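# Examining the three-dimensional arrangement
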Protein chains: 4
Amino acid sequence: MTIITKPNTNSEQIAIIQARVADFGLQTTVVRRSQNTVLCLIGDAKRLPDGVFSDLDFVEAVKFVSKPYKLVSREFQQEDTVVKVKGVPIGGKAIQIIAGPCSVETPEQMQASAEAVVAAGALFLRGGAFKPRTSPYTFQGHGEKGLEYLIEAASEYDLPVVTELMDVRDIDKFLKYGVDVIQIGTRNMQNFQLLKEVGRLDVPVILKRGMSATIKEWIMSAEYIAACGNTNIILAERGIRTFESAYRNVLDVSAIPFLKRETHLPVIVDPSHAGGQSWIVPALSHAAIAAGADGLLIESHPNPAQAWSDGEQALTPQELKTLMDELRIVARARGRDLGQSNVVQANAHRLKDLTKQQYAA
Amino acid sequence: MTIITKPNTNSEQIAIIQARVADFGLQTTVVRRSQNTVLCLIGDAKRLPDGVFSDLDFVEAVKFVSKPYKLVSREFQQEDTVVKVKGVPIGGKAIQIIAGPCSVETPEQMQASAEAVVAAGALFLRGGAFKPRTSPYTFQGHGEKGLEYLIEAASEYDLPVVTELMDVRDIDKFLKYGVDVIQIGTRNMQNFQLLKEVGRLDVPVILKRGMSATIKEWIMSAEYIAACGNTNIILAERGIRTFESAYRNVLDVSAIPFLKRETHLPVIVDPSHAGGQSWIVPALSHAAIAAGADGLLIESHPNPAQAWSDGEQALTPQELKTLMDELRIVARARGRDLGQSNVVQANAHRLKDLTKQQYAA
Amino acid sequence: MTIITKPNTNSEQIAIIQARVADFGLQTTVVRRSQNTVLCLIGDAKRLPDGVFSDLDFVEAVKFVSKPYKLVSREFQQEDTVVKVKGVPIGGKAIQIIAGPCSVETPEQMQASAEAVVAAGALFLRGGAFKPRTSPYTFQGHGEKGLEYLIEAASEYDLPVVTELMDVRDIDKFLKYGVDVIQIGTRNMQNFQLLKEVGRLDVPVILKRGMSATIKEWIMSAEYIAACGNTNIILAERGIRTFESAYRNVLDVSAIPFLKRETHLPVIVDPSHAGGQSWIVPALSHAAIAAGADGLLIESHPNPAQAWSDGEQALTPQELKTLMDELRIVARARGRDLGQSNVVQANAHRLKDLTKQQYAA
Amino acid sequence: MTIITKPNTNSEQIAIIQARVADFGLQTTVVRRSQNTVLCLIGDAKRLPDGVFSDLDFVEAVKFVSKPYKLVSREFQQEDTVVKVKGVPIGGKAIQIIAGPCSVETPEQMQASAEAVVAAGALFLRGGAFKPRTSPYTFQGHGEKGLEYLIEAASEYDLPVVTELMDVRDIDKFLKYGVDVIQIGTRNMQNFQLLKEVGRLDVPVILKRGMSATIKEWIMSAEYIAACGNTNIILAERGIRTFESAYRNVLDVSAIPFLKRETHLPVIVDPSHAGGQSWIVPALSHAAIAAGADGLLIESHPNPAQAWSDGEQALTPQELKTLMDELRIVARARGRDLGQSNVVQANAHRLKDLTKQQYAA
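Please read all numbers here as calculations on a predicted model, not as lab measurements. (Residues numbered from 1 in each chain as written. Chains lettered and ligands numbered in written order. Predicted model: local features only at pLDDT ≥ 70, side-chain atom pairs only at ≥ 80, totals over all residues. Heavy atoms only, no water.)

## Here we look at the sheet that holds strand 1 (residues 2-5) of chain B
All names here are of chain B. The line we're drawing: Note on pairing: two strands pair once DSSP finds at least 2 bridges between them. What counts as a helix is a DSSP run of H or I of at least four residues, what counts as a strand is a run of E of at least two, and both are numbered from the N terminus. Angles run from 0 to 180 degrees between N-to-C directions of axes, and those axes are lines fitted to C-alpha atoms, restricted for helices to the stretch in contact. Residues are treated as being in contact if the distance between any of their heavy atoms lies within 4.5 Å.
Across the sheet, which stays open at both edges, the four strands sit in the order 2-3-1-4 with antiparallel pairing between neighbours. The open sheet has two edge strands with one neighbour each: strand 2 (27-32) and strand 4 (59-63). In this sheet, adjacent strand axes meet at a mean angle of 20° when their direction is disregarded. Pairing geometry for strand 2 and strand 3 (residues 37-42), over six bridges, is antiparallel. By the bridge assignment, Arg32 is partnered in strand 3 with Thr37. Taken strand by strand, helix 1 (residues 11-22) contacts strand 1, strand 2, strand 3 and strand 4, and its axis lies near 155° from that of strand 2.

Printed below as a string of structure tokens:
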């Protein structure tokens, strides 16, 4: 059970609710949100008599949620959550493409990446500064320097940036550089301490699915973030681990409609990590959008053959542009819009001296 | 290595090729096809000197195929195979929808199923007469009687039929009733005796992927059929078995582009067995078509709640029609056509007394 | 619900039970066994009033079985089934090792294989005459000729033989050659027609687990065999398909105690297909016996490096003997016996001219 | 390639090696260990001429390691690593059992748990103070208070303790309370920041396998720890995620011999999380020991029915004792010893007033 207060409920009022619940041997988790406060009941809600809060005028509603996930469930909130990043919506009618390289390498590479993103009409730039690598002997990312290159490249076109956070101790750096969207990677989907910390921030979070996480575990991890107060959560399907080794992972396209039914959160797809090879990225992208995804997280690189990591799955600037053009048609066929035409146009105006020659694949 | 003869090469000429190959300690598998004969070399092709067949004018070409699958590989044949069933193409530009119930139950149910298929604008009727069931104590299908009901219902609208073959001893019945497309089910994907027997027939075959078959194993099973002479093969992805239990199986949407790249065979998708619940079928269908599938195998039933098997994943006639209308738009967005308008129209003319009242969901 | 008759119940009496059940709208599957007849009720047993069969003196007992599998379940039969093959028990206190090559190759190879089996103290000889191969272009087994070689080699030492059946049309050959135990391979675990046919025979059956079959599906396949009257069934775990590719399959050692709890059938393990490499076979063999397996199915070959198939996972005669000696100690530690000392001794007497030199690895 | 120095090599000497390597465009990772320093070459070792370090007398040896994991590989170190904890060896000939509850609940529960561990003859106490839980609404562990209870209960019998670390910020607490062995849980196997931090400590680490981590990824995570200087690493197999849902996970028994071959680290098994139900724990324990495991991590509880978490998989004190007695026999059959008799005896002397009555299951 969840108890939802009216806006501006104060601590004293929250305490009254908690005391009443405690009379029946129950506890609550308190989630303070900008619009209201939600108390999630821990324990058996049937112990509470009917109308136990009816005399408390600061209680807006009491909702019974049958699922183990409360705040992020569709039962709790009927309407879609639309996450706004610098005014650009993720979720709802619009579909957003987030593109950029696996690793932030050099200022020049990031500059070229940002230009390619803008040229293709995408609105978000991604790039990894802190890299989770299987081997301790491979490039681990530039760290703080990487954040600097990323932000610098994005700022010229006012592109919001997405980058991965791996360590609670790095949060201050992310805030200092003004990272727009924090990505929690597949290996940290159940790093509960990290989830709790980003739950306390005011920054949108992309939560990637664990390599072999069930849908339910994944939603529970989103609930961890929401239970700490941050409901600007975007779920990102990136392929699951199975017996099949013909591709890097198996894109679980069924997860898209399933999540949209179970939760009110936006759902995006990472076709690059799912497929692991650039030639398969367009087909997976089309499938994801057709199945109802709210966006894509695509790896692109000015020169994939020279990429410091994951080059084989990165699109060239030209491939990215071609894909975007095709996706616009598929999006329309499903009654959706790719990007926001006014922002795309404004960006294009700034893109003066970009020439195709810069991006020899 | 494969050696391709000119049309009308006779047995004596084949023997000459074999003898020459034998001189180098090698053997061949001989595949007689309507258009030509192909000899697949068994053993190390490097032992043969260059131009060893250049004096034999009945040898059309020699092709080296690097994959373990030869005849079905894209290396062997560049252009797409288009399987024609009663004049209706599967593969190429057209997308075909095969719909109908899991089990053939009664003449009335099959009649209503056929009408619903026609009303929706689909061109193929499916229905199971021989049913592979996990338990020996559940309905095992009507057998031959089921074939009769299926054919009878389909004949009124000239719909080609698709039905599953489980036992080599039933082939004569399938031929007697004129089954248009033989389906090899997921549990028989590596029933090599069955594959060899349908390889000797002149009837198109839908080969479903085994529950946890790798793509490579699956293509090798298609090769078994082709190596016996039947190249009218359609591959059907139907979801794979993974750790996720939120849906019946995980639709492996990446298999579609991968198969189209590796083989020249048409690829269709069964969203019903993949998803296991009717509400998820539309999203998976859209994803499949967007990813490049050549068709869908959909379970539909005049009254899913009363179905003898798999009712929870069957679409109602109205749901089937709505889905078809949406799919037509997605197909067009990808530059494809759903069905064949002239056939669809002809069918619609015959559909006189069909009323919605018959199909209360 | 299951209705168990007294011995020698006749058809008329069975019909009386069926008629009574039919009065309540229910049906039965009739299983005729040597010791009695069992009728498995299809449908809701709650419809039958209490004591509905109490006046029929040919009804021995009525047992309610809560599991979907009836005849093979531990609920139906408390005591362990011990399958006797030429007097040698599989199940119960004794542990049996079945060894021999993947494929029957030549009379000499089979002769040497039989000698190695006897020298190691194992009591069963295996060898494949009909081989399920992923590729149509690899050796498919000698077929009937292979059965002949196998039987010939085994007969000198009175070794019972185990060999795989893939096609219902080959059953007559298996009976003609007197195959002692029929193996149903992993790819045919849900070839229900084949299961039904071996269910009608009087020959013990080894039922291998499907590559990714759940335990429940596997037991249901055993139930198919039992429901046709043959309860001499031995379950063989051979590794399951997972994401891990360091070994051929993952031996599911938990299946052993789980099956022993759910069914009364003997459970054996195939460490060779599970591990896929000979060096890992001993460790897996020890684990299987320690976990409670009733036997092992081990691939061995007089000269693994020359084997026509699966040589990398075959033990040499010397490795087989060493392993048997170690296993005897582990078996004893778990209160079990490996083989039957009197039979082993008798075999050893016949083994005159066997010399180690014959088996250079 | 790895370059191993003589003991007491100083920074200046290390710098000489690095400079020489840099001349060929290569870099190194420097691992300072108590006995020596190891430099792991990053990049292509073939660029270095033969004997490039032969004039440096502080270079002990140069070893080429073909695997991506260097320091933990069997190629790098032939002999088994034996991790000593308060004088008790893990690895080598001895087999160690670590037992105790999933969660530290109360001082009394921990006291009873410690007594049960001693009564059974086990030498290590486990208990979770910081708990990774799927849901934010379930008990998350007592935190620091839990460490206190655990240490207090263990100290009476001088039992070394094992407990899980989830957050780099908790390391100081672990050091303050003198945790003997730090456990890295399955969800943090690729939490590389955490691995690096425990790599800098002088405390033995149990590294659990990720839920669906490949063996190779797992060993690479151990390499992360070793590359930071801590080579007191114990690998713990705890079951992998597959399609099978009859048990919590599938114990990958093949991992034991495989890891022993690839690495020199001790390997233990957690049969409780693998099986998920207490009745299956003994069979899995026997299998693990028979396959060569160096120890077990078993969940036990004075009263499983009342456990705050994972009660269904915990053994009662009596079940733990019975299992230990059986395991001693299996260990001996494989030429190993369970526990250390002198320590076990010393503990038993302290165990005065422990009576069976305290532990009603």
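## With respect to the packing of aromatic side chains
Heads up, the condition is: Between rings of Phe, Tyr and Trp, where Trp is taken as its six-membered ring, a pair exists when centres lie within 6.5 Å; planes separated by under 30 degrees are stacked, by over 60 edge-to-face, and by other angles tilted.
Counting across every chain of the model gives 20 aromatic pairs over all chains. Each ring, one from C:Phe139 and one from C:Trp308, has its centre 5.0 Å from the other, and the planes form 75°; the classification is edge-to-face. Highlighted residues: C:Phe139 in the loop between strand 8 (124-126) and helix 3 (144-155) and C:Trp308 in the loop between strand 14 (295-299) and helix 10 (317-333), separated in sequence by 169 residues. Taken together, A:Tyr247, A:Trp279 and B:Phe258 form an aromatic cluster joined through their ring pairs.

## Topic: the interface of chain A and chain B
Quick reminder of the rule: Reported buried area values correspond to the accessible surface (1.4 Å probe) lost by two parts on association, with both partners' losses combined. Note on definitions: salt bridges are taken to be side-chain nitrogens of Lys or Arg within 4 Å of carboxyl oxygens of Asp or Glu. Throughout this description, a polar contact denotes any pair of N or O atoms lying within 3.5 Å of each other; where both atoms belong to protein, one of them has to be capable of donating a hydrogen while the other can accept it, and for residues adjacent in sequence the pair is counted only when both atoms sit in side chains. Three residue categories are used. Nonpolar comprises Ala, Val, Leu, Ile, Met, Phe, Trp, Tyr, Cys and Pro, charged comprises Asp, Glu, Lys and Arg, and polar comprises the others, including Gly.
Listed per partner, the contact involves 34 residues of chain A and 34 residues of chain B. Summing both sides of the interface, chain A and chain B together bury roughly 2900 Å²; the carbon and sulfur share of this comes to 72%. Taken together, chain A and chain B are joined by two salt bridges. A salt bridge links A:Glu244 to B:Arg209; the nearest nitrogen and oxygen atoms lie 2.8 Å apart. Across the chain A-chain B interface, the total number found is ten residue pairs in polar contact (both at pLDDT 80 or more). Counting only elements with at least two residues in the side of chain A that touches chain B, the list comes to helix 7 (255-262), helix 9 (281-290) and helix 10 (317-333) of chain A. Partitioned by chemical class, the residues of the side of chain A that touches chain B number 22 nonpolar, five polar and seven charged.

## Quick notes on the packing of helix 6 (residues 215-227) of chain B against helix 7 (residues 255-262) of chain B
Residue and element names in this part refer to chain B. What counts here: Convention used here: angles under 35 degrees read as roughly parallel, angles over 145 as roughly antiparallel, angles from 65 to 115 as roughly perpendicular, and any remaining angle as oblique. In this scheme the handedness of a crossing depends on how the near helix is turned from the far one: anticlockwise by less than a right angle means left-handed, clockwise means right-handed.
It is at 12 Å that the axes of helix 6 and helix 7 come closest, and there the two elements cross at 50°. By the criterion of interaxial angle, the relationship of helix 6 to helix 7 is oblique. As for the relative orientation of helix 6 and helix 7, their crossing is right-handed in sense. Contact residues: helix 6 offers Ile215, Trp218 and Ile219, while helix 7 offers Ala255, Phe258, Leu259 and Glu262. Broken down by class, the residue content of the contact of helix 6 with helix 7 amounts to six nonpolar, no polar and one charged.

## Regarding the relation of the copies chain A and chain B
Cut-off, in case you're wondering: Residues below a pLDDT of 70 in either copy are left out; the C-alpha atoms of the rest, at least 70 in both, set the least-squares superposition of the copies.
Of the two same-sequence chains, chain A is brought onto chain B (RMSD 0.0 Å, axial shift 0.0 Å) by a rotation of 180°. Such a combination of rotation and displacement between the chain copies is what one expects of a two-fold axis. Distance from the rotation axis, computed per C-alpha, reaches its smallest value in chain A at A:Ala287: 2.0 Å. When the interface residues of chain A are mapped onto chain B, 100% of them are again interface residues, pointing to one common binding face.

## Here's the deal with the pattern of salt bridges
What counts here: Working definition: with a 1.4 Å probe on protein chains only, accessible area under 20% of the residue-type maximum means buried, over 50% means exposed, and in between means partly exposed.
Under the criterion given, the structure shown has 84 salt bridges over all chains. In this structure, A:Asp180 engages A:Lys86 in a salt bridge whose closest nitrogen and oxygen atoms are separated by 3.9 Å. In this pair, A:Asp180 is assigned in the loop between helix 4 (171-176) and strand 10 (181-184) and A:Lys86 in the loop between strand 5 (83-85) and strand 6 (88-90), connecting sequence segments 94 residues apart. Classification of A:Asp180 by relative accessible area gives buried; the value is 15%. Here A:Lys86 falls in the exposed class, since its relative accessible area comes to 54%. Among the salt bridges present, the one from C:Glu262 reaches C:Lys67, with a minimum N-O distance of 2.6 Å.

## Looking at helix 2 (residues 107-120) of chain B
All names here are of chain B. This is how the line gets drawn: One fewer than the residue count of a helix, multiplied by 1.5 Å, yields its expected span.
The end-to-end C-alpha distance of helix 2 is 20 Å, a good match for the 20 Å that 14 residues give at a rise of 1.5 Å each. The buried fraction of helix 2 amounts to ten of the 14 residues, a majority that puts the element mostly inside the structure. Regarding helix 2, the residues found buried are Gln109, Met110, Ala112, Ser113, Ala114, Glu115, Ala116, Val117, Val118 and Ala120. At the C-terminal side of helix 2, Gly121 shows a positive phi close to 90°.

## Considerations on the packing of helix 9 (residues 281-290) of chain C against helix 9 (residues 281-290) of chain D
It is at 7 Å that the axes of helix 9 of chain C and helix 9 of chain D come closest, and there the two elements cross at 155°. Judged by the angle between their axes, helix 9 of chain C and helix 9 of chain D are roughly antiparallel. Seen from above, helix 9 of chain C lies across helix 9 of chain D with right-handed handedness. Contacts from C:His286, C:Ala287 and C:Ala290 in helix 9 of chain C reach D:His286, D:Ala287 and D:Ala290 in helix 9 of chain D. For the contact of helix 9 of chain C with helix 9 of chain D, the residue count by class is four nonpolar, two polar and no charged.

## What about the nonpolar core?
Put simply, the rule is: We define the nonpolar core as a collection of buried residues of types Ala, Val, Leu, Ile, Met, Phe, Trp, Tyr and Cys that are connected through side-chain atoms lying within 4.5 Å of one another.
Ranked by internal contacts, the top residues of the largest apolar core, which has 376 residues, are A:Leu207, B:Leu207, C:Leu207 and D:Leu207. Every residue in contact with D:Leu207, bar those within four places of it in the chain, is listed here: D:Ile184, D:Met189, D:Leu195, D:Trp218, D:Ser221, D:Ala222, D:Ile225, D:Ile233, D:Ile234, D:Leu235 and D:Ala236.

## Concerning the pairing of strand 10 of chain A
All names here are of chain A. Where we set the bar: Note on handedness: a clockwise path from strand one over the helix to strand two, with the strands aimed away from the viewer, defines a right-handed crossover.
Every second residue of strand 10 is oriented toward a common face, with Val181 and Gln183 on one face and Ile182 and Ile184 on the other, all of them buried. In terms of strand pairing, strand 9 (residues 161-164) meets strand 10 through three bridges, oriented parallel. Bridging across to strand 10, Val162 finds its partner in Val181. As for the winding sense of the linkage, the β-α-β connection from strand 9 through helix 4 to strand 10 is right-handed. Pairing of strand 10 with strand 11 (residues 205-208) involves three bridges; the strand directions are parallel. What sits directly across from Ile182, in strand 11, is Val205.

## Quick look at the environment of B:Ala246
Locating B:Ala246 in the fold gives a position in the loop between strand 12 (233-237) and helix 7. For B:Ala246, a relative accessible area of 22% translates into the label partly exposed. Along the backbone, B:Ala246 and B:Gly276 are 30 residues apart, and their C-alpha atoms lie at a distance of 9.6 Å. Not counting residues within four places of it along the chain, the set of residues in contact with B:Ala246 comprises A:Ile215, A:Phe258 and B:Gln277.

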